[in-house]
Structure formats: structure tokens, C-alpha cells
Amino acid sequence: MNIFEKIITREIPSDIVYEDEMCLAFRDVNPQAPVHVLIIPKMCVPSTNDITTDNAFLVSHIFAVIPKLAAQLGLTNGYRVVNNCGADGGQTVEHLHFHLLGGRAMDWPPG
Ligand code: AMP
């Protein structure tokens, strides 16, 4: 069981900011912006490479949640959503997740 599955089952604590039947959002332990939240599906999908027509509803659900969550977190001036996939993408936890970053202006291009 990876660390995000343990967060879903409450085996390890996290600062949860949103939850519903399909997804969970909690604050990143190593924030890269004043607001840095991870949104994950409760169903285990290891990475973006594993998104299929059968499970893509989880992604559309998460992206429907993101604007509400951003508003809840006070990100009225915009935000960034990031997904890291695989080694070159910088993915360190093999459970699909989207970073919601805000509270400051973001740089482009990312490093
Ligand atoms: P990624 O590098 O895209 O796979 O992102 C994984 C993220 O999970 C990193 O930003 C970590 O800081 C974050 N992270 C790892 N363990 C925890 C934890 N226990 N609670 C919250 N965030 C975590």
C-alpha cells in the first residue's frame, strides 16, 4: 500500500481539505506555494499512463472539483494544476495525483 492509499484509509494523518465518494484533497507536506494541495482519486490509478476510457471519469470528476476547491482555498487570482508522470515527469508517488498550487504568481517554463 503506498503512502496516498494510507492517507485515504487514515492509517497516516494528513491535512484533508476536501473529500467526497471519489476523491480526496489534502495539503502537501512539502508545499511549493502558499497553497499546495494534492487531489487524488480514491480508486488506485498509478499514473496518467493508466488513465483509460473506463476510469477517465475520475479525472473529469477531479477537474470538476478543482474550481470549487480553489475558491474554497481563496485562490481568486488563479492557480496552477500539475500532474507529474513517471521518472522524467518527477513523479515520486505511484498513485495518480494533481497538484493544486496557488497564492503566488507561478513561473513559466517550470524547471
Ligand atoms: P509527485 O512528486 O508529483 O509524485 O508528488 C508527490 C507529492 O506528495 C510531493 O509533493 C510530496 O511532498 C507529497 N507527499 C509525500 N508524502 C506526503 C504526505 N504524507 N502527506 C502529504 N503530501 C505528501
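Note that the structure is a prediction, hence the values are computed from the model and not measured.

**Student:** An account of unusual backbone geometry is requested, with residue identities and associated values reported.
**Tutor:** The linkage connecting Trp 108 with the following residue, Pro 109, adopts the cis geometry, with an omega of 0 degrees. Looking at the secondary structure, you find Pro 109 in the segment after β5 (98–102).

**Student:** Give me the lowdown on the pairing of β5, citing residues and values where you can.
**Tutor:** Most of β5 is tucked away, with five of its five residues classed as buried. What you see with β5 is no split at all: Phe 98, Leu 100 and Gly 102 on one side and His 99 and Leu 101 on the other are buried throughout. Inspection of the sheet shows strand β3 (residues 35–41) paired to β5 by five bridges, in the antiparallel sense. Bridging from a neighbouring strand, Val 37 pairs with Leu 100 of β5. Two strands pair when backbone bridges link them, and strand β4 (residues 80–82) and β5 are joined in this way by three bridges, in the antiparallel orientation. Directly across from Val 81, in β5, lies its bridge partner Leu 100.

**Student:** Give me the lowdown on a nonpolar patch on the surface, citing residues and values where you can.
**Tutor:** A surface patch of nonpolar side chains, amounting to about 240 Å² of accessible area, comprises Phe 63, Tyr 79 and Val 81. With respect to the helices and strands, Phe 63 occurs in helix α2 (residues 56–72).

**Student:** For the layout of surface pockets, give the residues involved together with the corresponding values.
**Tutor:** Empty space within the largest pocket amounts to approximately 540 Å³. Lining the largest pocket are 23 residues, with Gln 32, Val 82, Asn 84, His 99 and Leu 101 positioned closest to its centre. Broken down by secondary-structure element, the contributors of at least two residues to the lining of the largest pocket are β3, β4, α3 (86–89) and β5. Residue classes in the lining of the largest pocket are distributed as eight nonpolar, ten polar and five charged. There is about 150 Å³ of room inside the second largest pocket. What lines the second largest pocket is simply Ile 3, Phe 4, Ile 7, Ile 12, Pro 13, Ser 14, Asp 15, Phe 26, Arg 27, Asp 28, Val 29 and Leu 38. The residue inventory of the lining of the second largest pocket, partitioned by class, reads eight nonpolar, one polar and three charged.

Calculation notes
Residues numbered from 1 in each chain as written. Predicted model: local features only at pLDDT ≥ 70, side-chain atom pairs only at ≥ 80, totals over all residues. Heavy atoms only, no water. Helix = DSSP H or I, 4+ residues; strand = E, 2+ residues; numbered from the N terminus. Buried < 20%, exposed > 50% of the residue type's maximum accessible area, 1.4 Å probe, protein only. Pairing = 2+ DSSP bridges. Patch = residues over 30% accessible without salt bridge, like charges linked within 9 Å, V, L, I, M, F, W, Y side chains within 5 Å. Areas by Shrake-Rupley, 256 points an atom, 1.4 Å probe, with all protein chains shown as cover. Salt bridge = Lys/Arg side-chain N within 4 Å of Asp/Glu carboxyl O. 1 Å grid on protein atoms, 1.4 Å probe; cavity = no way out; pocket = protein on both sides within 12 Å on 5 of 7 lines; lining within 4 Å. Points joined across faces, edges and corners; volume = space filled by probe spheres on them. Nonpolar A, V, L, I, M, F, W, Y, C, P; charged D, E, K, R; others polar.

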